[in-house]
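# Per-entry structural report
Here is how the chains run, residue by residue.
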Amino acid sequence: MKVHEYQAKQLLAAHGVPVPRGRVAATAEEAREVAQELGGRVVVKAQIHAGGRGKGGGVKLANSADEAYQVAKQIIGMTLVTHQTGPEGRLVRRVLVEEQMEVERELYLAVLIDTSAGRPLIMASAAGGMEIEEVAARDPSAIARVLVDPATGYQPYMGRHLAFALGLSGDHHRAATSLVAALYRAFAASDASLAEINPLVVTRDGRVLALDAKLNIDDNALFRRKEIAEMRDVNEEDPLEVRAQSLGINNYIKLSGNIGCVVNGAGLAMATMDAIKLAGGDPANFLDIGTVNNVDRVVNALRIINEDASVKAILVNIFGGMARVDVIADGVVQAIREGSVRVPIVTRLAGTNLAEGERILAEAAVGDRLVRAADLGEAARKSVEAAAGKAVVR
Ligand code: GDP
Ligand code: MN
């Protein structure tokens, strides 16, 4: 789950990361009030779950409360397009109004999970304010890295090392060292997968603080982080994913392709997407329907996939272990009968109760909507053909 910048800053600040003073505002009038409280010279920042706001016109300086009102009026309600939002952009509903900082240096600092090392990684770079991916591509040596062993946890030398790598000394070095430790505490205590400060700034008056903040939380930990779970903003999430979750389908992730996938098991779902890619196609979603023998769940999954306008074919790939093929077949038949499926369905079915599943599909006489496949390779090829509108051998 992602949270807004203002929420990320609240969480970071609670663990001791210095951030500029400020408050979120939902109207231009409110933005003016906050600016007044802060003495007039402020920065007004669009709150959306995407970066690149500065370049897209979503971050503006204002030198008086009235100017803050004007700027907030422009930003609230605008559809902000950045390189992370896609061309459709995001509607801005709130702005963060913060005291303006006199920036001397822009740095980069982040904690994330390094999945290949299986450990938290702290990264720092003196090239702040720009995309870290760009820095990594151009000059990987410009990024200092420290892996944290979860058994021994964060050690003070790590912060000292990184602060030196940022080219800091004296009071700046001390401030940055304690900031790295505070960021790591916030990362661990939030069950975050990413805590990123870009830019981390050194101000003209000698302070080191987080000018921006991005925090992604591991969804699997939200049950024990209730106060963070409450920060969820469904306006920022994909409407189909939100609907899927409301129907108890927690492992649906919308993707950009046109072949819908209904699969049991996360590993099999990944393999199914790989097979579709290998056959020249593009999956429309990831979906692990899970091991519950529940016809409604199958029907709901097909309804959600059918609502995705880009879907041109659906691949149902089931290996029945504890999940039963006959339950899946029941769900497929029910979804077709109620009119929830407008595209061809390619099925690859195997495992528990296969014969019963075959009988249900045969007796339901929905054969004209189904394309059968004996194995995954064939299923992937046929779904790619079906999505391309080609007649497929049934
Ligand atoms: P992003 O573009 O979505 O990553 O938003 P940021 O919060 O990083 O803001 C973009 C840029 O605006 C920063 O890199 C800074 O250069 C600039 N900026 C933001 N706040 C201030 C401020 O208080 N003072 C100054 N001088 N620049 C700021
Ligand atoms: Mn930024």
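Residues numbered from 1 in each chain as written. Chains lettered and ligands numbered in written order. Predicted model: local features only at pLDDT ≥ 70, side-chain atom pairs only at ≥ 80, totals over all residues. Heavy atoms only, no water.

## Some details on the domain arrangement of the protein chain
To keep things clear, this is the line we draw: By convention here, the domain bounds are inherited from an automatic or database domain assignment. Any two residues whose heavy atoms approach within 4.5 Å are treated as being in contact. By convention, the term buried area covers the 1.4 Å-probe accessible surface removed from two parts as they join, with the contributions of both added.
Under the domain assignment used here, the protein chain contains domain 1 (1-20 + 102-237), domain 2 (21-100) and domain 3 (238-387). Placing a centre on the C-alpha atoms of domain 1 and another on those of domain 3 gives a separation of 40 Å. On the side of domain 3, four residues touch domain 1, which itself brings four residues to the contact. Taking both sides of the interface into account, the surface hidden between domain 1 and domain 3 amounts to around 270 Å²; carbon and sulfur atoms contribute 47%. Three residues, Arg232, Val234 and Glu237, lead the burial of domain 1 against domain 3; their summed loss comes to 100% of the area buried on that side.

## Description of unusual backbone geometry
Basically, it comes down to this: In this text, helices come from DSSP runs of H or I with a minimum length of four residues, and strands from runs of E with a minimum of two, each type numbered from the N-terminal end. A simple rule labels every residue: compare its accessible area, found with a 1.4 Å probe on the protein chains alone, to the largest value its type can have, and call it buried under 20%, exposed over 50%, or partly exposed in between.
At the junction of Asn198 and Pro199, the peptide bond is cis and its omega measures out at 10° in the coordinates. Relative to the assigned elements, Pro199 resides in strand β10 (residues 192-203). We note that Asn353 has phi near 60°; this positive angle belongs to a residue other than glycine. Position of Asn353 relative to the elements: it lies in the loop between β17 (345-351) and α13 (354-363). Note on Asn353: relative accessible area 36%, which makes it partly exposed. Positive phi values are uncommon outside glycine, yet Ala365 reaches one of about 50°. Mapped onto the elements, Ala365 comes out in the loop between α13 and β18 (370-372). We classify Ala365 as exposed; its relative accessible area is 62%.

## Some points on the sheet that holds β18
The criterion, for reference: Two strands pair if DSSP finds at least two bridges between them. Angles run from 0 to 180 degrees between N-to-C directions of axes, and those axes are lines fitted to C-alpha atoms, restricted for helices to the stretch in contact.
Pairing in this open sheet of four strands is parallel, and the strands run β14-β16-β17-β18 from one edge to the other. Whereas interior strands pair on both sides, the edge strands pair on one side only; in this sheet they are β14 (259-263) and β18. Strand-to-strand twist of the sheet, defined as the mean angle between neighbouring strand axes without regard to direction, takes the value 20°. Pairing between strand β16 (residues 313-320) and β17: seven bridges, direction parallel. The residue bridging Val316 from the neighbouring strand is Thr347, located in β17.

## A few points about the site of ligand 1
Defined as follows: Any residue with at least one heavy atom within 4 Å of a molecule or strand is counted as near it. Polar contacts, as used here, are pairs of N or O atoms within 3.5 Å; protein pairs need one atom able to donate a hydrogen and one able to accept it. Residues neighboring in sequence count only if both atoms are side-chain atoms. When residues are grouped by polarity, Ala, Val, Leu, Ile, Met, Phe, Trp, Tyr, Cys and Pro land in nonpolar, Asp, Glu, Lys and Arg in charged, and all others, Gly among them, in polar.
Lining the immediate surroundings of ligand 1 are 15 residues, of which Lys45, Arg53, Gly54, Met101 and Glu106 lie closest. In the model, an oxygen atom of ligand 1 is placed 3.1 Å from a nitrogen or oxygen of the Asp212 side chain. At the level of elements, β2 (42-46), α3 (53-56), β7 (103-114) and β10 are the ones that each hand at least two residues to the shell around ligand 1. Residue composition of the shell around ligand 1, grouped by class: six nonpolar, five polar and four charged.

## Structural notes on the sheet that holds strand β3 (residues 59-62)
Read across the open sheet, the four strands follow the order β1-β6-β2-β3; overall the sheet is antiparallel. Strands at the two margins of the open sheet, each flanked by one partner only, are β1 (22-25) and β3. Averaged over neighbouring strand pairs, the angle between their axes works out to 20° when direction is ignored. Across four bridges, the pairing between β2 and β3 is antiparallel.

## Notes on the pairing of β16
The buried count for β16 comes to seven of eight residues, which makes it a mostly enclosed element. Note that β14 and β16 share five bridges and pair parallel. Across the sheet, residue Val263 finds its bridge partner in β16, namely Asn317.

## Some details on the coordination of the manganese ion (ligand 2)
For clarity, the threshold we go by: Metal coordination here is assigned from N, O and S atoms located within 2.8 Å of the ion, or within 3.2 Å for Na, K and Ca; omission of water means that sites may look incomplete.
Donor atoms from the polypeptide that coordinate the manganese ion (ligand 2) comprise Asn198 (O) and Asp212 (OD), at 2.2 Å from the metal. Taken together, the positions of Asn198 in strand β10 and Asp212 in the loop between β11 (208-210) and β12 (214-217) put the pair 14 residues apart, joining distant regions of the chain. Both residues of the pair, Asn198 and Asp212, count as buried.

## What to know about the packing of aromatic side chains
Rules: Only centres within 6.5 Å qualify two rings of Phe, Tyr or Trp (six-membered ring in Trp) as a pair; their planes then separate them into stacked at under 30 degrees, edge-to-face at over 60, and tilted for everything else.
Evaluated as defined, the whole model comprises two aromatic pairs. Here the aromatic rings of Tyr154 and Tyr184 are separated by 5.5 Å at their centres, their planes lie at 25°, and the arrangement is stacked. You can see Tyr154 sitting in the loop between β9 (143-147) and α6 (156-165) and its partner Tyr184 sitting in helix α7 (residues 170-189), a full 30 residues away along the chain. Among the residues examined, Tyr184 registers a relative accessible area of 10% and is labelled buried. Between Tyr184 and Phe187 the ring centres are 6.0 Å apart and the planes differ by 35°, which places this aromatic pair in the tilted class.

## Observations concerning the nonpolar core
A general trend in soluble globular proteins is that nonpolar side chains are found buried together. This is how it is decided: Here, nonpolar core means buried Ala, Val, Leu, Ile, Met, Phe, Trp, Tyr and Cys residues that are tied together by side-chain atoms lying within 4.5 Å of each other.
Val17, Leu109, Ile122, Leu183, Ile197, Leu200 and Leu215 are the most contacted members of the largest nonpolar core, which has 42 residues in total. Residues Ile305, Val316, Ile318 and Val366 belong to the second largest nonpolar core, which totals 34 residues.

## Remarks on the pattern of salt bridges
The line we're drawing: What makes a salt bridge here is a side-chain nitrogen of Lys or Arg within 4 Å of a carboxyl oxygen of Asp or Glu, nothing more.
This structure, assessed with the given rule, holds 28 salt bridges. Ionic pairing is found between Arg324 and Asp326, a salt bridge with its closest N-O pair at 3.1 Å. Residue class for Asp326 comes out buried when judged on its relative accessible area of 8%. Among the charged side chains, a salt-bridge network with shared partners connects Glu5, Lys9, Lys45, Arg53, Glu98 and Asp212.

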